Protein chains: 2
Amino acid sequence: MSEIRIPYQELVDQLTSILLKYDFCPERASLCATLFSKANLDGVPSHGLNRFPIFLEMINQKLVDAQAEPELAGSFGSFERWDGNLGPGNINAHQSMDRAIHLAKTKGIGCVTIKNTNHWMRGGNFGWQAIEKGCLGICFTNTKPNMPAWGGKEPKLGNNPIILAIPHKHNPLVLDMALSQFSYGKISTYLNKQEAMPYDAGFDLSGNLTKNPETILSNEMALPIGLWKGAGLSLMLDMFVSVLSDGNSTFDIGKQKTETAVSQFFMCFYLPKIGITTYPDDKIDLILQDLKSSASFGKKSVRFPGENTLSLRMNNQKYGVPVDPDIWESILKNY
Amino acid sequence: MSEIRIPYQELVDQLTSILLKYDFCPERASLCATLFSKANLDGVPSHGLNRFPIFLEMINQKLVDAQAEPELAGSFGSFERWDGNLGPGNINAHQSMDRAIHLAKTKGIGCVTIKNTNHWMRGGNFGWQAIEKGCLGICFTNTKPNMPAWGGKEPKLGNNPIILAIPHKHNPLVLDMALSQFSYGKISTYLNKQEAMPYDAGFDLSGNLTKNPETILSNEMALPIGLWKGAGLSLMLDMFVSVLSDGNSTFDIGKQKTETAVSQFFMCFYLPKIGITTYPDDKIDLILQDLKSSASFGKKSVRFPGENTLSLRMNNQKYGVPVDPDIWESILKNY
């Protein structure tokens, strides 16, 4: 099936009008629709429109409370703790990053944790949000158990996506990555193509590394990045975020039937408030120029995280946002 | 060669007496010697005594200034920036973490960056330092270029070690890892044994993954954890730490003849100051119990970061600290 292109504003308006039927107030419907649409706009439909039907289903099942707003659980200088009250994950995350930005803009550093929230969909959105306000940003979330511990043969760790974002006048950088080498969604696409993964992507039933997508999907044994290192990092990020938010850990989330009530962490830095009055565009330029000058194995130069996003975004704004036609049809028909 | 065991206090005293000859004042000689000794005490001689001769050599070459103390470059609420003045890296890092602890204990969150500092030797020391004061701790450093970008054929990225530490009454956790899958030191040990690495550890001259230690060492093509993911993470951590410290980036460090004047980041959280008055030992216990209950491929249960450190430390305190006899002899003879 070939993708179709929908004008960005039409996409936002269509999703907004659907969300209004799901008990969202106009302002939150618009924000939620915008966050879904931005994922497709930036070339990440897997965490955008493709998840919209599941998101609505979670509202129907009352796992996501469309009207719930986050509540402040405590404010401590540069640090705030929030309770997400099981509201829509992307709206909660957007507000959390907004608070981290606000704290950073007034105090130099701002840190926000939120418990009882839901899947934030595309985490990269919140990195771009920090960048648009001139802040360096970090955020990460825990998830249900979906990776094995090192040497383990059942999922005990979350793939706990982490986002790091750095503003730059021409080349802002956003790294948006889960701690599994490949997502289950990506592994499924290889299974559908009946192809092996390009790199080791998980474990077989004997604990050996494998590129076989069917094997990995059947036993939920996706590979943590860096083998034991990513497994350790996943555990530590889960503990940090669940302890600092006073919220659920990956273990707690795994006891539920569905992935909900997750814990998230957001942090921003604003340079003028830590005595760096001229933004170091030049320093970042030098690093990127050096990186791009690297001798490479392919014909193309090496890339940095987020390198193509702005041009892709501009292109999609001009020619329409690519959407999966089946998803789009099902959204128009069913909701 | 078999290792020998030296009583911990004898080790500290011996190193202290040497450092006194290298222009350290008594207090700083003792701290520096303790930090070197603790690495061996906790089973990490590669970043302890094994580096002591190189450390002294860097003082001789005036790359490390034994007497230089860090200076405050600016203080902004929960955030401080410091200049390490090219002093001893482990002392500078210890003081930086001390400041982050102090800030966290008064404000809930504390963040310290330091520029113009030197290799901190064993980063895990500073994770344990946070734990001993009841703080969750994070620190990371940049390094000289020693890993390729994804698709690149020359070192452009640092392996930028990162440490995460979480206190617990019985099972404190410390993850201390570089962003390369294996250190060059570890790869060398396989070359010396004439053995292949157990997992892909770098790239060959055609850009393919390889387990051949000789190939990897000859072209400095160590593998970032998670392939493109660790490469991206390395770049982002380097930018964060060099921007937030107003210090050198991996690119800047690579322009020098020797790895010096690096940039580091330290952060702590103190729960009673963010409204969490009872330390969540129980929550962490549940996570660890679940993890340890994982079905596993080997005979042993899966492990968590730092699991064996306390028992190893106790054992080494009792029976003496293992040191490499050649290193020990050379230290006694030459310094």
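Residues numbered from 1 in each chain as written. Chains lettered and ligands numbered in written order. Predicted model: local features only at pLDDT ≥ 70, side-chain atom pairs only at ≥ 80, totals over all residues. Heavy atoms only, no water.

Caption draft 1: Representation of the relation of the copies chain A and chain B. Rotating chain A by 180° and translating it 0.0 Å along the rotation axis places it on chain B, where the RMSD comes to 0.0 Å. In short, the pair behaves as if placed about a two-fold rotation axis. Taking the C-alpha atom as reference, chain A places Gly226(A) closest to the rotation axis, 2.3 Å from it. Both copies present the same face, since 100% of the interface residues in chain A are matched by interface residues at the equivalent positions in chain B. (Least-squares fit on C-alpha atoms with pLDDT ≥ 70 in both. Contact = heavy atoms within 4.5 Å.)

Caption draft 2: Focus on the confidence of the model for chain A. The share of residues in chain A with pLDDT of 70 or more is 100%, and the mean pLDDT across the chain is 96. Two numbers describe this predicted complex: its pTM, 0.98, and its ipTM, 0.98. (pLDDT = per-residue confidence, 0-100.)

Caption draft 3: Region of the structure containing the interface of chain A and chain B. Tallying the contact residues gives 82 residues for chain A and 82 residues for chain B. With both sides pooled, the region where chain A packs onto chain B buries about 7,000 Å², and carbon together with sulfur makes up 77% of that total. When the buried surface of chain A facing chain B is broken down by residue, Lys229(A), Phe240(A) and Phe297(A) rank first, second and third, together holding 11% of it. Salt-bridge contacts for Asp290(B) lead to Lys156(A); the nearest nitrogen and oxygen are separated by 2.7 Å. The interface formed by chain A and chain B contains 21 residue pairs in polar contact (both at pLDDT 80 or more). By residue class, the composition of the side of chain A that touches chain B is 51 nonpolar, 18 polar and 13 charged. (Buried area = accessible area lost by both parts, 1.4 Å probe. Salt bridge = Lys/Arg side-chain N within 4 Å of Asp/Glu carboxyl O. Polar contact = N/O pair within 3.5 Å; in protein donor to acceptor, adjacent residues only side chain to side chain. Nonpolar A, V, L, I, M, F, W, Y, C, P; charged D, E, K, R; others polar.)

Caption draft 4: Fine view of the pairing of strand S5 (residues 136–141) of chain A. Residue and element names in this part refer to chain A. Buried residues dominate S5, accounting for six of its six residues. Because side chains alternate across S5, one face comprises the buried residues Leu136, Ile138 and Phe140, and the other comprises Gly137, Cys139 and Thr141, equally buried. The pairing of S5 with strand S12 (residues 262–269) spans six bridges and is classified as antiparallel. When the bridges of S12 are listed, Phe140 appears paired with Phe265. (Buried < 20%, exposed > 50% of the residue type's maximum accessible area, 1.4 Å probe, protein only. Helix = DSSP H or I, 4+ residues; strand = E, 2+ residues; numbered from the N terminus. Pairing = 2+ DSSP bridges.)

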